[in-house]
Structure formats: structure tokens, C-alpha cells
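Read off the chains here:
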Amino acid sequence: MNALLDVVLVAGLLALALHVARARDDQGAIVGFIAFGFLLGLGWVRLASIDVALTEAAIGGGVTGLLLLRVEAHTRDSSAPDRTARPITIAAAAVLCIAVTAGLAFVILNLPSPPPTQAPAAAAALDATGLENPVTAVLLAYRALDTLLEKVVLILALVGVWSLAPDHLWGGAPELRPAVVPEPLSYLARVLPPFGVLIAVYMFWVGADAPGGTFQAGTILAAMWLLVMLAGLRAAPDTRRVTLRLLLIVGPAVFLAVGFLGFAMAGGFLAYPAGAAKPIILGIEAALTLSIAVTLGMLVSGPSKRAPTS
Amino acid sequence: MPDFLTGAAVFILVVTGLGLFRVLRSQVAVERMMAVQLLGTGGAAVILLLGTATASDALTDVALLLMLLSAFSCAAFTLGQSSSATATERAEEKP
């Protein structure tokens, strides 16, 4: 029965991918892509990678979808010249995509069996961290340096987006609210965020012991914030506001501070003192969740569209 | 029992998939967006059934997230709608 489920899932994913590639208008392709993200989440569930399934649903289905829809709406308004690709471009893209797929398939099919894995070592050291979710242990204890740099990259990406603002709008607020806010949208923006915030807090808290964690929680918070800004219930903040900028850096800053404290307390950068690892990790995660939420929210909002107030 | 639950999940996945392609091929933009809503509901059902079949509680969280974000995606879709001429049409349609 499980094999049948997998076959149906793979067939659905392939058909949906074909639909996205063949869609005539951009908007149809984006909607197909959002659906693809959700279906891919199901695929990750089948591979028993529940952490990845959560991230795929949150990023692939939620925030990326909004980002792409915004871009589509923007380019449609500016009535750009005909952007239809020439047949040679399409053929080149198809050949490249097929080459990447074939290469990946070749590598996957030729993995030694059993594949080399660090999983037993990661599970064995789990007790020392006090955590029960091995994915969180990898992200915030074993490979904490990678996670730290990843969060800094997010902020660099935001700096890149902000720098697209023209000089006279620098420091101003981005504009998300459409010209006309449909009634159902403003209703949804009032009803959904309380549940969303609750789910985000739960996702952060459960991440220490079960699938979930700071990135998923931050993404949900960002989605709820974006919803409120989209419906015009709250305007986007000025990008030069001090509180906003403090929120952006609080996560990486706490992470970095704990890293340097590691020299004094546990004899190495990002080393946690024995016995206190779990509370420290939860503290870092709480700060990171806030920073990720604000960073993703501002990334999707885009560069400043209004002059800074006073 | 797990086999029956997985079978039910397959059934729902197939039905959702068929509905998905029917809706995605629609000429009306709003109907296409309902495809995402359909997949959110159907996908959550599939995940809940699989979670019960394999007795893994964490899958319930995935279903929860799927529901939340499919509702969010629908809201995001209105963004592309109201910035163009369709906005005025939709405003006029309102009673």
C-alpha cells in the first residue's frame, strides 16, 4: 500500500512540474509552483524527513509564493515589453534542466549501500545536549557555526534588497498594501494571525524535542506579519527605525555573544558548558526566531517605497 | 488497520490530484488559486491519515502548518488581483 502511495505522489509531482513548466501565463505557473511546494512537503513526509517537510511547506508554499506573486503583479503593472523567450532559449533551459536531473539521478542511484552516515554518532551524542530532536542538535550544537553564518547571510540579503531603494526614499517604509483591499482579505488578516502566532510559538517550543524549530516558527510569524501588512491593518515600519534594526540583529548578536562566551565557559567558540546546553540553545532559538521573522517579513516587503516620516 | 488508513490516504490523494488538475486548468484566475486551498485541505487529510497509520504525532504538526499556509497563500493571491484593472471590476461586483 505504501508503494502505491509513493507512485501516486511521484506521478502527481511530475505532472504538476510539467504543468508549471508549460503554463502559458506567469500567474498560473506561480500558483502551480505553490501547489508543487505543498505536494513536495508530502514527499518529504514519506521520506521521514518531517523537519524538511515543515520547512518546505512554510518556505516553498508560503513565503516564496507571496514573493513570486508580488513580482508578477509588479512586472505586469509596468507593462514590460514582450518577454516571450525565443525557442533556442527554451531549448537550452530544457537541456540544462534535464542534465541537472540526470546528474542527480545518477549520483543518487550510485550511492553505496548502506550510504555513509553520521546519524548514529549524532544520536549517540544527543544526551549531552539535553535535546531530543537530532535535527535541532545538528543545527544548534554540532554544526552551530554553519547556522550562525546562515543567519548572517539572511541579513546580507536584506541589505541587498534595501539598497535597491532610490536615494530620496532611503530609510522609508516599503509598501505592501494593494490599492483596493478586498473584504475577505481584511477579514482573514484579523482572524488568522492569532492562530498563526500560537502555532509559531508552539513550533519554536516543540523544536527542541520533536520536528519543528526556529526557522519554521520564524517563517510562520513572518507570514502572519505580512498578512497584516497586506490587508493594510498595520503599515510597514520605516526601514531606518532603531527598534526594527535591533530586532533584525538580536538573533545573530545573541548567537555570536554565546559563541564568544564559549571561550570563557567551555573552552572553545560556540561550545556550551555541560549541563546547560539546552537552556542556552532555547535562548538562542528564541532570539533567532524573532530575527528570522522580521528579516523574512522585510525581505518579502521589498525596498522602500515611501519617504521616511520626519 | 494501518493498511486501511494508508489506502484511504491514497484514495484522497488521487481524488485531490484529479481535482487539482481540473481546477488548475481553469481559465478563471481565482479558480486556479482554489487549487492551492484544495491541496491544503486534501494534503492535510492525507498527512493526518499517514500520521495515524505510522503512529507518528509530529505529522499532525505538518498538517496544521499546511492548513495555515494554504489559507495564507490564498490571501497573497488577492495581491496580484487588485493591483490591475480587475480591482475595479471586483469592487463593482460587490453588492
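Counting starts from 1 at the beginning of each chain's written sequence and moves along it residue by residue. For naming, the first written chain is A and the first written ligand is 1, with later ones following in the order written. In keeping with the predicted nature of the model, local features appear solely for residues at pLDDT of at least 70, side-chain atom pairs appear and are counted solely at 80 or more, and the whole-chain, interface and lining totals rest on all residues.

The helix count covers DSSP runs of H or I at least four residues long, the strand count covers runs of E at least two residues long, and both are numbered beginning at the N terminus. The helix and strand tally for chain B stands at 4 helices and 0 strands. Secondary structure elements of chain B, listed N to C terminal, follow the sequence α-α-α-α. Residue pairs qualify as contacts under a 7 Å threshold applied to their C-beta atoms, which are placed from the backbone. Taking all contacts inside chain B whose residues are at least 6 apart in sequence as the whole, residues at least 24 apart take part in 47%.

Moving on to the interface of chain B and chain A. Counting residues at the interface gives 47 residues for chain B, matched by 53 residues for chain A. Among the secondary structure elements, those contributing two or more residues to the side of chain B that touches chain A are helix H1 (2-24), helix H2 (29-53), helix H3 (58-82) and helix H4 (86-93) of chain B. Take the side of chain B that touches chain A: its biggest share by element is 20 residues, from H3(B).

The next thing to look at is the UniProt feature "domain: MrpA C-terminal/MbhD" (unreviewed entry) in chain A. UniProt positions are given in the numbering used here, feature names are shortened, and annotations may be inferred rather than shown by experiment. Residues annotated by UniProt as "domain: MrpA C-terminal/MbhD" (unreviewed entry) correspond here to residues 12-75 of chain A. As annotated, residues 12-75 of chain A has a helix share of 91% and a strand share of 0%, and its two end C-alpha atoms lie 30 Å apart.

In this section: the UniProt feature "transmembrane region" (unreviewed entry) in chain B. Residues and elements named next belong to chain B. Within the UniProt annotation, "transmembrane region" (unreviewed entry) is assigned to residues 6-24, 36-56 and 62-80. Helix makes up 100% of residues 6-24 and strand 0%. Its end C-alpha atoms lie 26 Å apart. A distance of 25 Å separates the end C-alpha atoms of residues 36-56, which is 86% helix and 0% strand.

Next up on the list: unusual backbone geometry. All names here are of chain A. With an omega of 0°, the peptide bond between serine 113 and proline 114 qualifies as cis. Here proline 114 shows up in the loop between helix H4 (87-109) and helix H5 (119-124). In this structure, alanine 48 takes a positive phi of about 65° despite not being glycine. Turning to its location among the elements, alanine 48 is positioned in the loop between helix H2 (26-46) and helix H3 (50-77).

Before going further, it helps to spend a moment on the nonpolar core. For the purposes of this analysis, a nonpolar core is taken to be any set of buried Ala, Val, Leu, Ile, Met, Phe, Trp, Tyr and Cys residues that are connected through C-beta atoms within 7 Å. Whether a residue is buried, exposed or partly exposed is read from the other C-beta atoms within 10 Å of its own C-beta, which are placed from the backbone; 20 or more gives buried, 12 or fewer gives exposed, and intermediate counts give partly exposed. Core analysis: the largest hydrophobic core is formed by 101 residues, its most contacted members being Ala35(A), Ile220(A), Leu227(A), Ala35(B), Ile47(B) and Val62(B). Sequence-distant contacts of Ala35(A), that is, excluding residues within four places in its chain, are made with Leu16(A), Leu20(B), Ala35(B), Val36(B) and Leu39(B).

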